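Chain by chain, the residues:
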Amino acid sequence: MPTCPRCHQTIDSQTIACPYCRTTLKAHGHPGIPLHRANGETYLCSSCSYDEDNTCNFPQRPYAKECTLYHDRNQPITLNQRAAANWQTKLTYTLQHRQEWWILSGLLIISLAIALANR
Ligand code: SF4
Ligand SMILES: [Zn+2]
């Protein structure tokens, strides 16, 4: 059984937040997206495969204390993990750097909803 990185209580591997100390353990509230955390004063990037091969374009690099994509550079990367990392990097970049489009899209949808409601 895994343990909480903060309080070290035994927890369920699918739990989104530690039931004892409320530390967030999964990203975006999804049990399938683990949220990795650095210990102490270290940064995750210094031991991450995607920093080593220079394929990471996350803005928090090289000082990430939390990251959903972290992969220990001492562990081999499978093709599935590489594909998932590429997809997640693109999605995160889009969410973080195209905020104006998300806002405009939201306003457009709200406007259409109001227009349709007033027909
Ligand atoms: S994937 Fe995360 S931990 Fe790895 S280099 Fe990028 S920001 Fe750092
Ligand atoms: Zn805990």
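In what follows, the structure referred to is the one given above.
I will try to describe carefully the structure that is included in this document. (Residues numbered from 1 in each chain as written. Chains lettered and ligands numbered in written order. Predicted model: local features only at pLDDT ≥ 70, side-chain atom pairs only at ≥ 80, totals over all residues.)

**Points about the overall build of the chain**
Note the threshold: Comment: elements are numbered from the N terminus, with helices defined as DSSP H or I runs of at least four residues and strands as E runs of at least two. Buried means a residue has 20 or more other C-beta atoms within 10 Å of its own C-beta, exposed means 12 or fewer, and partly exposed covers the counts in between; C-beta atoms are placed from the backbone. What counts as a contact is two residues whose backbone-derived C-beta atoms lie within 7 Å of each other.
For the chain, the count of helices and strands is three helices and two strands. By principal-axis analysis of the C-alpha atoms, the chain measures approximately 60 × 35 × 30 Å. Residues classed as buried in the chain amount to 13% of the 119 residues present. Sequence-distant contacts in the chain: of pairs separated by 6 or more residues, those separated by 24 or more amount to 24%.

**Describing the site of ligand 1**
Note the cut-off: For each residue, a C-beta position is placed from the backbone atoms; the residue is near a molecule or strand when that point lies within 6 Å of it. Three classes are used: nonpolar for Ala, Val, Leu, Ile, Met, Phe, Trp, Tyr, Cys and Pro, charged for Asp, Glu, Lys and Arg, and polar for all others, with Gly counted as polar.
The local shell around ligand 1 holds 13 residues, among which Cys-45, Cys-48, Asp-51, Cys-56 and Cys-67 are the closest. Residues belonging to the shell around ligand 1 are distributed by class as follows: ten nonpolar, one polar and two charged.

**Focus on the nonpolar core**
To be explicit about the condition: For this entry, the nonpolar core is defined as buried Ala, Val, Leu, Ile, Met, Phe, Trp, Tyr and Cys residues connected by C-beta atoms within 7 Å.
In this structure, Leu-44, Cys-45, Cys-48, Tyr-50, Cys-56, Phe-58, Ala-64, Cys-67, Leu-69 and Tyr-70 together form the largest nonpolar core, which totals ten residues. Beyond its immediate chain neighbours, meaning those up to four positions away, Phe-58 contacts Ala-64, Cys-67, Leu-69 and Thr-92.

**Regarding unusual backbone geometry**
In the segment running from Arg-61 into Pro-62, the intervening peptide bond is cis, with an omega of 5 degrees. Following the sequence through the fold, Pro-62 ends up in the loop between helix 1 (49–52) and strand 2 (66–67). The phi angle at His-8 is positive, at roughly 65 degrees, despite the residue not being glycine. Inspection of the secondary structure puts His-8 in the segment before strand 1 (36–37). His-8 sits in the exposed class, given 11 other C-beta atoms within 10 Å. The backbone of Asn-54 shows a phi angle near 60 degrees, a positive value even though the residue is not glycine. Tracing the backbone shows Asn-54 in the loop between helix 1 and strand 2. Asn-54 gets classed as exposed once you count the C-beta atoms within 10 Å, which come to 8.

**Describing the environment of Cys-18**
Residue position: Cys-18 is located in the segment before strand 1. Once you skip the residues sitting within four places of it in the chain, Cys-18 turns out to touch Cys-4, Arg-6, Cys-7, Gln-9, Ile-11, Thr-23 and Leu-25.

Limitation: the analysis is restricted to geometry and does not speak to function.
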